[in-house]
Amino acid sequence: MTRVDQHPDGTATAANGPRRRTVLLTGLAGAGAGVVTGAGAAVARERATPAPDLRLERARASARPFRGEHQAGILEAPPPYAAFVALDLHAGADRDAVRRLLTVWTDDIERLTAGRGPLTDLEPELAAVPASLTVTVGVGPRVVALAGAERPAWLAPLPAFPQIDRLLAEWSGGDLLLQICAESPTTVSHAQRRLTAGVADLAAVRWVQRGFREPFEGPGVPMRNLLGQVDGTVQPDVTGLDADLLWVGDDGPAWLHGGSSVVVRRIGMRLDAWDRVDRLSRENAIGRRLDTGAPVTGGRVDTPADLEATDELGFHVVDDAAHLRRAHAAAPHERFLRRPYSYDDGVGAETHVGLVFVAYQADPVRQFVPVQRRLAEMDLLNLWTVPVGSAVFAVLPGARSGEVLGQAMFA
């Protein structure tokens, strides 16, 4: 039997009616909350452990070896992003300062290329994605002199090319060079920051040139520069018959055996003027078809140009002043390894876009200068390009196990 309670206003309710329902509903709500809470916890756990990002895993796994006979960043296919950093030693630097700097860089570069932050890295998470990072170190004549080593005769600024050069100090020279390349711009930026900050008490940054290449190029495909031209089409076989064109051998200083040299030329492009040129004239200036990169005499991008071919009027099909003809090696040794990058600073003068032309060779005076001299004398591309920076560095041999970069300089 249900008990009835009398209220002061005369109404009556069943004591175990609504109140019982309230209790039951409260209990059910609590039970429901428990169910929701359990499901929410499962969702939270699922969100806390997301599925692995395979792209990131591949980038973390793509670490280049640091130690070996040669430095990395020369023979490898150039990745899409790069920074070229020149530094000057502080006034009063001595042999010990050079040794300390190269010791710091050896340790820091080995860690960074392995996906580990340097000892002083406050953001080691940024170093966890090596993304095929390579760091290549070059030295200028002052460094060699302070170390007390023999200076190769070619380790000096290139001779002047007054017909074309408009060189600026802000893009030229330097005591040291860092070439930093990777498949991630974040990786490049972090490595640049750590390597320059790590030696701030020994050297100061002189200039930085950041470059890029098309990230969707396939292996072995030459890059296309901002003129639309397929660039770096003719390369020596530096892993085979032409290896002596790249690496310093017995005819160079002993401390540089297994090293190389690098020329860095910053070439501005007058794209506004180039935009006013028709396609046929562009191909005539280059000597190559714009769509395929093949010579205008036919074939594919890797087909040698027929420099003797003439048209129905008797003129050379490849114009006498075409870039291809003027850059063509007149002797077997006039060849070098090209690793160019485009740049676009987006500010400044007409030449705020262009090419960071990077050339590796055993002897730039013997191999690079004759070609550059012909280009300066007569090259149709000079109408739309202007060199604004130039620097030459000796590229140190690789550091073997237990060695410091440049160790042989101090022998």
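Definitions and limits used
Residues numbered from 1 in each chain as written. Predicted model: local features only at pLDDT ≥ 70, side-chain atom pairs only at ≥ 80, totals over all residues. Heavy atoms only, no water. Helix = DSSP H or I, 4+ residues; strand = E, 2+ residues; numbered from the N terminus. Buried < 20%, exposed > 50% of the residue type's maximum accessible area, 1.4 Å probe, protein only. Salt bridge = Lys/Arg side-chain N within 4 Å of Asp/Glu carboxyl O. Core = buried A, V, L, I, M, F, W, Y, C linked by side-chain atoms within 4.5 Å. Contact = heavy atoms within 4.5 Å. Pairing = 2+ DSSP bridges. pLDDT = per-residue confidence, 0-100. Axes fitted to C-alpha atoms, helices over the stretch in contact; angles between N-to-C directions. Parallel < 35°, antiparallel > 145°, perpendicular 65-115°, else oblique. Left-handed = near helix turned anticlockwise from the far one by under 90°.

Turning our eyes to something else, we now look at unusual backbone geometry. Its identity as a non-glycine residue notwithstanding, A131 has a phi of 50°, on the positive side. As for its placement among the helices and strands, A131 is situated in the loop between α3 (95–113) and β4 (134–139). Overall, the relative accessible area of 1% leaves A131 in the buried class. In this structure, S132 takes a positive phi of about 60° despite not being glycine.

Here we come to the pattern of salt bridges. One pass over the structure, following the stated rule, counts 15 salt bridges. Here D121 makes a salt bridge to R194, at a shortest N to O gap of 4.0 Å. Note that D121 is positioned in the loop between α3 and β4 and R194 in helix α5 (residues 185–197), a separation of 73 residues in sequence. Between D302 and R300 there is a salt bridge, with its nearest N and O atoms 3.1 Å apart.

Ranked by size, the top nonpolar core spans 72 residues in total, and within it L101, L102, W105, L176, L178, I180 and M409 carry the most contacts. When neighbours within four sequence positions are excluded, L178 is seen to be in contact with A83, F84, V85, L87, W105, V135, T136, V137 and L195. Y360, V386, A391 and V395 belong to the second-largest nonpolar core, a separate cluster that totals 24 residues.

Quick look at the pairing of strand β7 (residues 260–269) now. Consecutive side chains of a regular strand alternate in pointing toward one face of the sheet and then the other. With 10 of 10 residues buried, β7 is to be regarded as a mostly interior element. Alternating positions in β7 separate into two faces, S260, V262, V264, R266 and G268 on one and S261, V263, R265, I267 and M269 on the other, with burial throughout. Direction of pairing for β7 relative to strand β11 (residues 385–395): antiparallel, over a ladder of 10 bridges. Bridging from a neighbouring strand, R265 pairs with S390 of β11. In this sheet, strand β10 (residues 353–361) lies alongside β7 in antiparallel orientation, the contact comprising 8 bridges.

This part is about the confidence of the model for the protein. With 85% of its residues at a pLDDT of at least 70, the protein reaches an overall mean of 88. Scored below 50 in pLDDT, residues 1–38 makes 16 contacts in the model with residues more than four places away or belonging to other chains.

Turning next to the pairing of strand β3 (residues 81–89). Most of β3 is tucked away: 7 of the 9 residues are buried. Summarising the sheet, β3 and strand β6 (residues 203–212) pair through 9 bridges and their orientation is antiparallel. Bridge pairing in β6 places A83 opposite R210.

What follows covers the packing of α3 against α5. Close contact between α3 and α5 brings their axes to 10 Å; oriented N to C, the two are set at 160°. By the criterion of interaxial angle, the relationship of α3 to α5 is roughly antiparallel. Viewed along their axes, α3 and α5 form a crossing whose handedness is right-handed. Counting all contacts with α3, which are made through W105, D108, I109 and L112, the residues of α5 involved are H190, A191 and L195.

We now examine the environment of S189. Along the chain, S189 turns up in helix α5. By relative accessible area, S189 is classed as partly exposed at 46%. Sequence separation between S189 and R210 is 21 residues, and the spatial gap between their C-alpha atoms is 9.6 Å.

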